[in-house]
Amino acid sequence: MSLSIRELSASYGQARALAEVSMDVAAGSVVGVLGRNGAGKTTLLRTVAGLHRDKTGTVFAQGLDITSLRCDQIALRGVALSREGGRSPGSLSVNDNLMLGRRLAVLRGRKPPELAEIWKWFPILEPLAARAAGLLSGGQRQALVLAVAFMSSPSILLLDEPSAGLAPPVAAELFKTIRQLADAGMAVLVVEQAPAWLMGIADDGYVLEVGRVVDHGPVESMMASIEASNKAFASGGRIHT
């Protein structure tokens, strides 16, 4: 198993955001994490990536225990986190951002893909190679974040709400690329509030509610759990992020 999460809990002071969460993501697969805003989805990714330190439980990446490592050490072990909003150094060009990904691949001891391969996976970016990342559209920024992650040759890719703020056609193309990256061998754990984007893309899924896993299985079969979570929230429940 490329990524294994075992009984992972995380807190913000006295508020518990995750409670004994366990998940598995195999190489070559896409696993979705679903749930309302505040269900603990982003905290899950931040904790796995080492950005949130108030935690208990265990995280394994390719069989190695990375639980106590710093975020930079975790990144060097092949874990890449793409945060919501597609943030990249805005003053650098698309090509320069990709070179940052290439440098990380070298630090990981891996051979980065050639630019020609990047353009094949992300054709939207090739004519924008000299453009500053800060001048890109939302969809172009998301594509760049994924392209930089791909250039860095990770084994595990963590994606936080990749559809956020994107027009439906752009989001559809982005999720198609995510599926292709998994087919090329990556283990992809993707947090998404809108389950429709994961249908036909994800191999497996988990539903989080108040920081706990309340359902697990094919995304298509979990719609009832998601609807129940939505109704519970609408009736007055409040949960932590």
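Provided above is the structure to which this section pertains.
Report follows, based on the coordinates. (Residues numbered from 1 in each chain as written. Predicted model: local features only at pLDDT ≥ 70, side-chain atom pairs only at ≥ 80, totals over all residues. Heavy atoms only, no water.)

Observations concerning the nonpolar core
In plain terms, the rule: We call a set of buried residues a nonpolar core when its members are Ala, Val, Leu, Ile, Met, Phe, Trp, Tyr or Cys and they connect through side-chain atoms within 4.5 Å of each other. Partly exposed residues are those whose accessible area sits between 20% and 50% of the maximum for their type, while under 20% is buried and over 50% is exposed, using a 1.4 Å probe and protein chains only. Secondary structure elements follow DSSP: runs of H or I of four or more residues count as helices, runs of E of two or more count as strands, with numbering from the N terminus. Contacts are residue-level and defined by heavy atoms, with any inter-residue pair within 4.5 Å sufficient.
By size, the foremost hydrophobic cluster in this structure holds 39 residues, and its most contacted members are Leu98, Phe122, Leu157 and Val188. Counting residues per element, the ones that place at least two in this core are β3 (30-34), α3 (94-107), α4 (115-121), α5 (138-151), β7 (156-160), α6 (168-183) and β8 (187-191). Element by element, the count of residues in this core is highest for α5, at eight residues. Contacts of valine 188, omitting those with residues within four sequence positions, involve Val25, Ser29, Val30, Val31, Leu157, Leu159, Ile178 and Ala182. By size, the runner-up hydrophobic cluster in this structure holds 28 residues, among which are Met23, Leu44, Val48 and Ile156.

Remarks on helix α1 (residues 41-48)
Within α1, six of the eight residues are buried, which leaves the element mostly enclosed by the surrounding structure. Of all the residues in α1, the buried ones are Lys41, Thr43, Leu44, Leu45, Thr47 and Val48. Just downstream of α1, glycine 50 is the residue with a positive phi angle, here 90°.

So, the packing of α5 against α6
Two measures define how a pair of helices packs: the angle their axes make with one another and the distance between the axes. Applied cut-off: Comment: axis = line fitted to C-alpha atoms, over the contacting stretch for helices; angle = value between 0 and 180 degrees taken between N-to-C directions. The labels follow the angle: roughly parallel below 35 degrees, roughly antiparallel above 145, roughly perpendicular from 65 to 115, and oblique for the rest. Put simply, Ala, Val, Leu, Ile, Met, Phe, Trp, Tyr, Cys and Pro go in the nonpolar bin, Asp, Glu, Lys and Arg in the charged bin, and everything else, Gly too, in the polar bin.
Axis separation between α5 and α6 bottoms out at 10 Å; the angle between their running directions is 10°. Between α5 and α6, the crossing angle belongs to the class labelled roughly parallel. Within the contact between the two elements, α5 uses Gly139, Gln142, Ala143, Leu146 and Phe150 and α6 uses Val170, Leu174, Ile178 and Leu181. Grouping the amino acids of the contact of α5 with α6 by side-chain chemistry returns seven nonpolar, two polar and no charged.

Concerning the pattern of salt bridges
Quick note on the threshold: For this analysis, a salt bridge means a side-chain nitrogen from Lys or Arg found within 4 Å of a carboxyl oxygen belonging to Asp or Glu.
Evaluated as defined, the whole model comprises five salt bridges. Between glutamate 161 and lysine 41 there is a salt bridge, and its shortest N-O distance comes to 3.9 Å. Residue glutamate 161 is found in the loop between β7 and α6, and its partner lysine 41 is found in helix α1; the two are separated by 120 residues along the sequence. Taking the relative accessible area as the measure of exposure, glutamate 161 reaches 8% and is therefore buried. We note a salt bridge from arginine 179 to aspartate 183, for which the minimum N-O separation is 2.9 Å. Of this pair, arginine 179 and aspartate 183 both sit in helix α6, separated by four residues, roughly a single helical turn. We classify aspartate 183 as exposed; its relative accessible area is 55%. Counted as one network, the salt bridges with shared partners bring together Arg179, Asp183 and Asp203.

So, the sheet that holds strand β2 (residues 15-25)
Going by this rule: Strand pairing is assigned whenever DSSP detects at least two bridges linking the two strands.
One open sheet holds the four strands; their spatial order is β2-β1-β4-β5, and the pairing between them is antiparallel. Single-partner strands in this sheet number two, and they are β2 and β5 (64-65). Relative to β2, strand β1 (residues 3-12) runs antiparallel, the two sharing seven bridges. The partner of serine 4 across the bridge, within β2, is aspartate 24. Across the face of the sheet, α1 comes into contact with β1, β2 and β4 (55-61) while running at roughly 110° to β1.

Regarding the sheet that holds strand β9 (residues 204-209)
The mixed open sheet is built from six strands, whose spatial order is β6-β7-β8-β3-β9-β10. The open sheet has two edge strands with one neighbour each: β6 (79-82) and β10 (212-217). Strand-to-strand twist in this sheet, taken as the mean axis angle between neighbours without regard to direction, amounts to 20°.

A word on the pairing of β7
Consecutive side chains along a regular strand alternate between the two faces of the sheet. Our working definition: Look down the strands so they point away from you; if going from the first strand over the helix to the second traces a clockwise path, that crossover is right-handed.
Counting buried residues along β7, five of its five residues qualify, which places the element largely inside the surrounding structure. Burial along β7 is two-sided: Ile156, Leu158 and Asp160 and Leu157 and Leu159, pointing in opposite directions, are all buried. Two strands pair when backbone bridges link them, and β7 and β8 are joined in this way by five bridges, in the parallel orientation. Paired with leucine 159 across the strands is valine 190, a residue of β8. Crossover β7 to β8 through α6 is right-handed.

Some words on the packing of α3 against α5
Keep this limit in mind: By convention, the crossing between two helices is left-handed when the near helix turns anticlockwise from the far helix through less than a right angle, and right-handed when the turn is clockwise.
Between α3 and α5, the least distance of the axes is 7 Å, while the angle of their chain directions is 30°. The angle between α3 and α5 places the two elements in the roughly parallel class. At the point where α3 passes α5, the crossing takes the right-handed sense. When α3 is examined against α5, the residues Val94, Asn97, Leu98, Met99, Gly101, Arg102 and Ala105 are found in contact with a partner set consisting of Leu144, Ala147, Val148 and Met151. Residue classes in the contact of α3 with α5 are distributed as eight nonpolar, two polar and one charged.

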